[in-house]
Amino acid sequence: MTDADRGALGHGYTVVTPANHYPSRLPEFGDQPVVKLVTPRMAPSRIGEYLVSLHAGGGTTRRVGAGYERFFYVLDGAVTVRIAASERRTLPAGGFAYLPSDTAYELRAGDDAPARLLIVKRQYEGHAAHDAPGALSGHRDDQPFAPTAVAGFTRRELLPVDDPAFDFAMSLLRFEPGVGLDKIEVHDEEHGLWMTEGGGTYVLGTDEHAVQAEDFIYMAPYCPQGFTASADGPAEYLLYKDTWRDGF
Ligand code: UGY
Ligand code: MN
C-alpha cells in the first residue's frame, strides 16, 4: 500500500494523509496553500479545520473579519496573531491561541522562516447561562501532561475543559509505545484529529487504519473509535471535540 492509498472516506469518518493533500487557496491567504482537512461540506461536520502554510514574512493579506470562533496551533515556524495594534502574540511551534467570534485578526509568519499552522473554525454555540469566553493563548509546554486512568496515556488540555462557556475542547493525547484508549468509544461529539507524533492503529467504525504523524482524521458523531500506539515509539494527537452542549 502506498502512502496515498491510506487516505479513506468511510462511514462516519475520513482519513487524510499528507500524500492526499491537494492544496486550495483562500482570499485571506493569497497564494499561500491551504489544505482543507474538513469543512461543513463533509456533513455533518460543524467545523472547518485547515492546514495553512505561510511564506516567510507572509501571512494574511487582509484583516480577517469576526463572525466565527477560531483556534490556531502552530506546527512549524513562528506566527504572530494580531488582534489590535496593542494586542499581538507571537506563537512559536507548539503555541496556540483561541479567538472568540467577535474578534477580527491578522496572522504574520516570521521574516526568517515559513510557518505552518492548523486553524479550527466554527460557529460559536452559546449557552444562556454563560457569557462567551474571551481570547486566550499559550504553549503546549506551559503545563505538564496529566495522567489518565490508563497507565502510559496522558493528556494536556489547551482550553479550559471545566468552563461551560467553551463549546469545544482542544486536547493533546499522548500514548507510550503499545498503549491505547481503553475502549471503543461511541459518543455524540465529533472530532478533528491531527497526528502530531508517532503512529499506530485507529479503529474507525468497523475498519482499522494505520496512521502516522501529520495524518488527519475526521470522526462524525457516534463513529466508533479506538486507538493503539505502535510499539516503535510514543504517539500523540491534537484532538478537537465539541463539549458542553446538548447536540440540538
Ligand atoms: O475524549 C475523547 O473523546 C477521546 N478519548 N477520543 C479519542 O481519542 N478518539
Ligand atoms: Mn472520542
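Just so you know, these numbers come straight off a predicted model, no measurement behind them.

A. Just the sheet that holds strand β17 (residues 207–212), in detail. Taken in spatial order, the three strands of this open sheet run β17-β16-β19, and their pairing is antiparallel. Edge strands, defined here as strands with exactly one partner in the open sheet, are β17 and β19 (225–229). Across the sheet, the mean angle from the axis of one strand to that of its neighbour is 20 degrees, orientation sign disregarded.

B. Spatial organisation of the coordination of the manganese ion (ligand 2). Protein-derived coordination of the manganese ion (ligand 2) comes from Glu185 (OE), His187 (NE2), His191 (NE2) and Gln225 (OE1), at a distance range of 2.2 to 2.3 Å. Counting the intervening residues between successive donors of the manganese ion (ligand 2) yields the motif E-x1-H-x3-H-x33-Q. Neither residue differs from the other here; His187 and His191 are each classed as buried.

C. Quick peek at a nonpolar patch on the surface. A cluster of nonpolar residues, Ile184, Val186 and Tyr222, forms a patch on the protein surface that exposes about 320 Å² of accessible area. Mapped onto the fold, Val186 is located in the loop between β14 (168–175) and β15 (191–197).

D. Seen up close, the site of ligand 1. All residues adjacent to ligand 1 are Arg155, Leu173, Leu181, Glu185, His187, His191, Tyr202, Gln225, Tyr237, Leu239 and Lys241. A distance of 3.5 Å separates an oxygen atom of ligand 1 from a polar atom in the side chain of Arg155. Calculation on ligand 1 without its partners gives an accessible area of 270 Å², and the protein chains cover 93% of this total. Per-element tally for the shell around ligand 1: the top contributor is strand β20 (residues 235–242), with three residues. The class makeup of the residues in the shell around ligand 1 is five nonpolar, three polar and three charged.

E. Fine view of the pattern of salt bridges. Enumeration over the complete set of coordinates arrives at 15 salt bridges. One salt bridge connects Arg46 with Glu125, and the closest N-O pair in it is separated by 3.3 Å. Of this pair, Arg46 sits in the loop between β3 (34–38) and β4 (47–54) while Glu125 sits in the loop between β10 (115–122) and β11 (136–139), placing them 79 residues apart in sequence. In this structure, Arg116 and Asp76 form a salt bridge, with 2.4 Å as the shortest nitrogen-oxygen distance. With Arg116 in strand β10 and Asp76 in strand β5 (residues 69–76), the pair connects residues that are 40 residues apart, well separated along the chain. Under the relative-accessibility criterion, Arg116 is labelled buried at 18%. The network of salt bridges with common partners includes Arg46, Glu69, Arg122, Glu125 and Asp167.

F. Main features of the packing of aromatic side chains. Here the structure, examined in full by the defined rule, presents eleven aromatic pairs. Geometrically, the ring pair formed by Phe227 and Tyr237 is edge-to-face, given 5.4 Å between the ring centres and 80 degrees between the ring planes. Of this pair, Phe227 sits in strand β19 while Tyr237 sits in strand β20, and the two are ten residues apart along the sequence. Like Tyr237, Phe227 is buried. Aromatic rings pair up to connect Phe153, Phe175, Tyr202, Phe227 and Tyr237 into one cluster. Its end group placed over the ring of Tyr68, Lys121 keeps NZ or CZ at 4.3 Å from the ring centre.

G. Up close: the sheet that holds strand β6 (residues 79–84). Strand order across the open sheet formed by three strands is β7-β6-β9, with antiparallel pairing between neighbours. At either end of the open sheet lies a strand with only one pairing partner, and these are β7 (87–91) and β9 (106–109). For this sheet, the mean angle separating the axes of adjacent strands, direction not counted, is 20 degrees. Alignment of β6 against β7, held across five bridges, turns out to be antiparallel. Of the residues in β7, the one forming a bridge with Val81 is Arg89.

H. Region of interest: the nonpolar core. Core analysis: the biggest nonpolar cluster contains 26 residues, and Leu37, Phe71, Tyr73, Leu118, Leu158 and Met170 have the highest contact counts within it. Elements that contribute at least two residues to this core include exactly β3, β4, β5, β8 (95–99), β10, β14, β18 (216–219) and β20. Two domains each provide a minimum of three residues to this core, namely domain 1 (21–139) and domain 2 (146–242). Met170 has contacts with Phe71, Val120, Arg156, Glu157, Leu158, Leu159, Leu238, Leu239 and Tyr240, leaving out every residue within four places of it along the chain. Residues Leu193, Met195, Met219 and Cys223 belong to the second largest nonpolar core, which totals 21 residues.

I. Structural view of the pairing of β4. When you tally the buried positions in β4, you get seven out of eight residues, the bulk of the element. As defined by bridge partners, β4 adjoins β10 across eight bridges and the pair is classed as antiparallel. Its bridge partner being in β10, Leu54 is matched across the sheet by Ala115.

Calculation notes
- Residues numbered from 1 in each chain as written.
- Chains lettered and ligands numbered in written order.
- Predicted model: local features only at pLDDT ≥ 70, side-chain atom pairs only at ≥ 80, totals over all residues.
- Heavy atoms only, no water.
- Pairing = 2+ DSSP bridges.
- Helix = DSSP H or I, 4+ residues; strand = E, 2+ residues; numbered from the N terminus.
- Axes fitted to C-alpha atoms, helices over the stretch in contact; angles between N-to-C directions.
- Donors = N, O, S within 2.8 Å, 3.2 Å for Na, K, Ca; no water.
- Buried < 20%, exposed > 50% of the residue type's maximum accessible area, 1.4 Å probe, protein only.
- Patch = residues over 30% accessible without salt bridge, like charges linked within 9 Å, V, L, I, M, F, W, Y side chains within 5 Å.
- Areas by Shrake-Rupley, 256 points an atom, 1.4 Å probe, with all protein chains shown as cover.
- Salt bridge = Lys/Arg side-chain N within 4 Å of Asp/Glu carboxyl O.
- Near = heavy atom within 4 Å.
- Polar contact = N/O pair within 3.5 Å; in protein donor to acceptor, adjacent residues only side chain to side chain.
- Nonpolar A, V, L, I, M, F, W, Y, C, P; charged D, E, K, R; others polar.
- Phe/Tyr/Trp six-rings, centres within 6.5 Å; stacked < 30°, edge-to-face > 60°.
- Lys NZ or Arg CZ within 6 Å of the ring centre and 35° of its normal.
- Core = buried A, V, L, I, M, F, W, Y, C linked by side-chain atoms within 4.5 Å.
- Domains from an automatic or database assignment.
- Contact = heavy atoms within 4.5 Å.

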